Amino acid sequence: MFRSNHTEEKHIGTLFDIQHFSIGNGPGIRTTVFFKGCNLSCAWCHNPESQSFKAQMMFHKSKCTGCGKCKEVCENNLEKCTLCGRCTAFCPSGAREICGKEYTVSEVFEELMKDFVFYKTSGGGITFSGGECMLQIDFLDEILKECKKNGLNTAIDTAGNVSYDFFKRILPHTDLFLYDVKCLDSKKHKRYTGQENELILENLKKLLKADKRVWIRIPVITSVNDTEDEMRGIKACLDACGSPEKVELLPYHAIGEHKYGAIGKAVQKFSVPSEEKMKKLRKVFLQ
Amino acid sequence: MYSMLKEQISDHYSKLTEESVDKTLMSYAHAVRDRIYREMDEYYKEEKHPALLKSRIHTLMAEYFEPKIFSLSPFFFEMSLRDRFSWGLFELTPARWLRERLYPEVNKEHPLAKFLEDASFIYFQSEVGPCACHDTLDTDHHTLGYTMLFEEGIEGLLLRIRDTAEKEKDGDKLPFLKAMEESCVAICRIAERFSDKAAEMLKKERTPEEKKYLAMIRDTAGRIPKSPPSTFYEGLAMILFTREVIATLENIGISQLGHVDRLLEKLYLDDIAAGRLTETEARDLIARWMLYTDVKFDTEHNDWPEASTCIQLGGCDENGNAVYNELTRLFIEEHKKAGLINPKLNCRYSDSSPDEYLKLIGKALIEGHNNFVLINDNIIVPGLVRNGVDIKDARRFVSGGCQETMIEGGGHTEGAGVYVSVPGLLDIFMRPDERFPLIPGIKEPKTFDEFYNEFFASVKSYLTFVFEQRNVRQSFHKVWHYCPMFSATQYGCIERGTDYSFGGAKYNFSTVALVGLGTTVDSLIAVKKLVYEKGAVSLSKLKEILAANWQGYEELRREALSLPKYCNGSDEADALASRLLDALADMIASTKNERGGNYIPSLFVYYYFEYFAGRLRATPDGRRNGDLISMGCGPSRTFTDPDITKPLVTMSKVDFTACRGGSAVLDIQLPLSKDLTPEIFLSLVRACGELRCPTLQPNAVSSEELIDAKKNPERHKNLIVRISGLSAYFTALTPKVQDEIIERTVYNVQK
């Protein structure tokens, strides 16, 4: 087993998952590290548990057998959660789960190196995602350096709503940016994500001039940005900024819907765009 | 496509079962059998040598059978003397006479008959029996020496047989040589009769297409199999004819149609170069050659469409050169285009296999053709060499009826003769059962090492007895199992004048399939942690808890479930698996079989993980009575970890060449996703190669589709899934098997 010789351990990161054999987040076979915490709250977010910076309890109602063991072992009778983890240990069906765990750089790095052979055979590597991974910039910077020191390809999956200084710090250790663009109208952006988009677009312009590989990712959400006009606007904006290597249109999916209930949050429903519509929208970027 | 040919085939085979309303075909088969039985009963009065009796049956079959030719196929192979749905051992064939007549006699007279009867407790008649095996011999899992047939033809074999007989001073071997000669003459006669039949059929009015195919048969049958094939068509005809006819003559299952892209490449290229054949014509021949098995076994409606029929592709030739050519592509593409289940596609690969080959497989798989296994040459070939197989012979290995390793022309490896449930042995060791006196049971081990050593000693004691008993059984039964025609196609049998069942072939090892490695390792880890390291429970208490099926001990069970597991990122568990497999493999490989060879282990399981699981009580890893156990060399089924890389990385920590060529199979369920591309599949297989993963059995599925297909079968008629060693139409499977497939872990690729 690979043992990290990283000894500094200055920073601790809070993550909510490390996904191996990840094939939708950059080239090749990758491991995606999901950071906890985001400064956007997109209405369609398929990882709503990523938004809070703190660890939190998730209760998957559909898995609960109603045995009552959780209540029995909880010191607070399930009324106030201290994240002690007793209920999760005793739950026979895995209905209770603590989302979010602190890691050192070495701990994460050892996990990443387990799949070295898959990166090698596929041209893959590591993708840092979230939440917004750049909001834990010190931890991110440290682990990116460790990855590059060991020859791993690195990608940052970001919504871009952070100071460009953060980008500057990680540019030398990052091979690829997966950059989300949701819509151009700032008011609409604020309505659906909680934040305006000026900083995001400004950062994108700078990044595209920074001689880095950039893939633009556009989540296609019905009634929010699923029009050819919207796509044409985004395309014009991108054309003016520079040239990203790739533009990916990602149709909304409802895979994460059940997780809203698990963290006690109301879900906003969207319909899945048709394949036909996706084809039309993709065509805009081919013109 | 080919609907009229399929109709012809279907119509014929629908009558080749006892259940058929139309009795004409079965009446014919019974009449031929009865006639030959009567004549053999007479002949038996003067001739007692079993080999000569068998070859006499072949002569009679050659005279009395009625050739069946499908007028829309250029191939000739059907004697209509084997039941439609059987493989391996056939009820109908007159070849069964030898068994019918000699079995009762040897059974009655053999001094070890009583011993065998008394030893029957080791088999699966017992409700907790940890062993399942054929009651006599493994009559399936044979492969013909196709390379030899392609080089020499039957006439070449006859020359060598006659030459050996001439030089043979040892009179004991002459009867067997004579029997081989008679069988070779008989098989040539059978082919000639197909030619005659085609000529006769041509006298009637025929469509141009029928005329073309019947003329091909008329002009080829007879020359094939007598002479080596000289065209691509003749090569295909040679394979199908010898495979089907020798199975019927010998009453054995021949699971392999050969390493077709290696065997046929030169003939194909020569034909193309000479302008005798186009790619389109080659595709048409391949399609007609492959499609009959599925129709015969009615795979569209069959809930267990086992046909024990495979082709081998890829890998390398005897000199180690990679095999991948136009034919590899044509066979895979035509198989997919026709939506076939059979022949099974057993694809060998190594680091020298081209990317194009692996992407071709990946593309077909992702498009729903769940029909592949990928066999790593870099495990099987060195494994066979470790067992004393010459490197050139090792490189000619093939796999079948599922993934049982065989050396083409190198004898019979008894790929599925014995299955042993290793967690079943642990169960009886921990909770001794008077029906299993060979497993003395636990004493009072003070450390885990003592526990492990006692367990291993009990496994050894049990397996030693199984092998002793098996050896006696084999030598007891092989008397009625003489196969002079099959033996003639195996290197060594002619020169030694000895049948393959008596050790005449160049290689003579047998295989034992070990079932449930993952569950055993996890259970051993649980004992180590809970009893000896944490002191959470005493050994005697643990036995009580298992007897109670964990009821009332949920907390401890949770602890057991959360312990390190094999194939789950635990160095400790993986190291224990390696230690256990090495020791088991060494012990098994040092045991001699009755043919002068040894035993080798394998970790393929067919569907025995389900069979044994149903009889296995609760185990220390937290598994409850009857829950599923691990499949092949993969992880236990008591936990779900959606991370595919963990079991694959584990493969690098266990040396599967310890199985000496016996196959070890890892099943994986890949989720269908837009991101699962042929390129990603290629990278996955390359990683498997680097990780020394033995045999990969992939399914690319959507859980949602499987669930919906169970509820609404009419919407998913073309959904093909890999079960374990065979594929099937999902909607034709029984609900129980459907549920088991739905329950398998589908690995995550996206969040």
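This text gives an overview of the structure that appears in the document. (Residues numbered from 1 in each chain as written. Chains lettered and ligands numbered in written order. Predicted model: local features only at pLDDT ≥ 70, side-chain atom pairs only at ≥ 80, totals over all residues. Heavy atoms only, no water.)

A few words now on the overall build of chain A. Helices and strands together make up the secondary structure of chain A, namely 11 helices and 10 strands. Relative to the 2.2 N^0.38 estimate, which gives 19 Å for 287 residues, the radius of gyration of chain A is 20 Å and therefore close to what a compact globule would have. Judged by the C-alpha coordinates and their principal axes, chain A covers about 60 × 45 × 35 Å. Of all 287 residues assigned to chain A, the portion counted as buried reaches 55%. Expressed as a percentage of contacts within chain A between residues at least 6 apart in sequence, the contacts between residues at least 24 apart total 72%. Element-wise, carbon and sulfur atoms account for 49% of the exposed surface of chain A, whose accessible area totals about 13100 Å². Between the averaged position of the 42 positive side-chain charges in chain A and that of its 37 negative side-chain charges there is a distance of 3 Å. (Helix = DSSP H or I, 4+ residues; strand = E, 2+ residues; numbered from the N terminus. Rg over C-alpha atoms; globule rule 2.2 N^0.38 Å. Buried < 20%, exposed > 50% of the residue type's maximum accessible area, 1.4 Å probe, protein only. Contact = heavy atoms within 4.5 Å. Areas by Shrake-Rupley, 256 points an atom, 1.4 Å probe, with all protein chains shown as cover. Lys, Arg positive; Asp, Glu negative; His and termini not counted. Charge placed at Lys NZ, Arg CZ, Asp CG, Glu CD.)

The secondary structure content of chain B amounts to 30 helices and 15 strands. In terms of overall size, chain B behaves like a compact globule, its C-alpha atoms giving a radius of gyration of 26 Å where 751 residues would be expected to give roughly 27 Å. Its C-alpha atoms give chain B principal-axis dimensions of roughly 85 × 65 × 50 Å. The proportion of buried residues among the 751 residues of chain B is 66%. Look at the contacts in chain B between residues 6 or more apart in sequence, and 78% of them connect residues 24 or more apart. Summed over all atoms, the accessible surface of chain B reaches about 25400 Å², with 50% contributed by carbon and sulfur. Averaging the coordinates of the 93 positive side-chain charges in chain B and doing the same for the 111 negative ones gives two points 1 Å apart.

The next thing to look at is the state of the cysteines. Residue and element names in this part refer to chain A. Counted according to the given criterion, the structure contains zero disulfides over all chains. For the unlinked cysteine Cys64, the closest cysteine sulfur is that of Cys70, found at 6.2 Å. No disulfide involves Cys147; its nearest neighbouring cysteine sulfur is the one of Cys133, lying 12 Å away. With a relative accessible area of 0%, Cys147 lands in the buried category. (Disulfide = S-S within 2.5 Å.)

So, on to helix H3 (residues 50-64) of chain B. With 15 residues, H3(B) should reach 21 Å at 1.5 Å per residue; the first-to-last C-alpha distance of 21 Å fits that figure. Residues of H3(B) that are buried: B:Pro50, B:Ala51, B:Leu52, B:Leu53, B:Lys54, B:Ser55, B:Ile57, B:His58, B:Leu60, B:Met61, B:Ala62 and B:Tyr64. (Expected span 1.5 Å × (residues − 1).)

With that out of the way, let us pick up the nonpolar core. In this structure, B:Leu264, B:Trp289, B:Phe331 and B:Tyr566 are the most contacted members of the largest nonpolar core, which totals 212 residues. Counting 50 residues, the second largest nonpolar core, distinct from the first, contains A:Phe35, A:Phe128, A:Met134 and A:Met278. (Core = buried A, V, L, I, M, F, W, Y, C linked by side-chain atoms within 4.5 Å.)

Residues and elements named next belong to chain B. With respect to the element layout, Pro175 can be found in helix H7 (residues 174-202). The spatial distance from the C-alpha of Pro175 to the C-alpha of Ser55 is 10 Å, given a sequence separation of 120 residues. Ignoring any residue separated from it by four or fewer positions in sequence, one finds Pro175 in contact with His49 and Leu52.

What follows covers the packing of helix H13 (residues 279-296) of chain B against helix H14 (residues 326-337) of chain B. All names here are of chain B. Contact geometry for H13 and H14: axes closest at 10 Å, N-to-C directions at 55 degrees. Comparing the axis directions of H13 and H14 gives the class oblique. Where H13 crosses over H14, the handedness of that crossing is right-handed. Where H13 abuts H14, its residues Glu279, Ala282, Arg283, Ile286, Ala287, Trp289 and Met290 lie against Glu326, Leu327, Arg329, Leu330, Phe331, Glu333, Glu334 and His335. Tallied by class, the residues present in the contact of H13 with H14 amount to eight nonpolar, one polar and six charged. (Axes fitted to C-alpha atoms, helices over the stretch in contact; angles between N-to-C directions. Parallel < 35°, antiparallel > 145°, perpendicular 65-115°, else oblique. Left-handed = near helix turned anticlockwise from the far one by under 90°. Nonpolar A, V, L, I, M, F, W, Y, C, P; charged D, E, K, R; others polar.)

Our focus in this paragraph is the packing of helix H22 (residues 517-533) of chain B against helix H25 (residues 571-589) of chain B. Residue and element names in this part refer to chain B. Interhelical geometry of H22 versus H25 gives an angle of 120 degrees and a closest axis separation of 10 Å. Here H25 runs oblique to H22, going by the angle between their axes. Remark: the crossing between H22 and H25 carries right-handed chirality. Across from Leu517, Thr520, Val521, Leu524, Ile525, Lys528, Lys529 and Glu533 in H22, the residues of H25 making contact are Glu572, Ala573, Leu576, Ala577 and Leu580. A breakdown of the residues in the contact of H22 with H25 according to their chemical character gives eight nonpolar, one polar and four charged.

A few words now on the sheet that holds strand E8 (residues 176-180) of chain A. All names here are of chain A. The eight strands are arranged E5-E1-E2-E6-E7-E8-E9-E10 in an open sheet whose pairing can be described as mixed. The sheet terminates laterally at strand E5 (101-104) and strand E10 (246-251), the two strands that pair on one side only. Between one strand axis and the next, the sheet turns by 30 degrees as a mean value, whatever way the strands run. By the bridge criterion, five bridges tie E8 to strand E9 (residues 213-220) in an arrangement that is parallel. Among the inter-strand pairings, Leu176 is bridged to a residue of E9, identified as Arg213. In the packing of helix H8 (residues 198-208) onto the sheet, the strands contacted are E8 and E9, and the crossing angle to E8 comes to about 155 degrees. (Pairing = 2+ DSSP bridges.)

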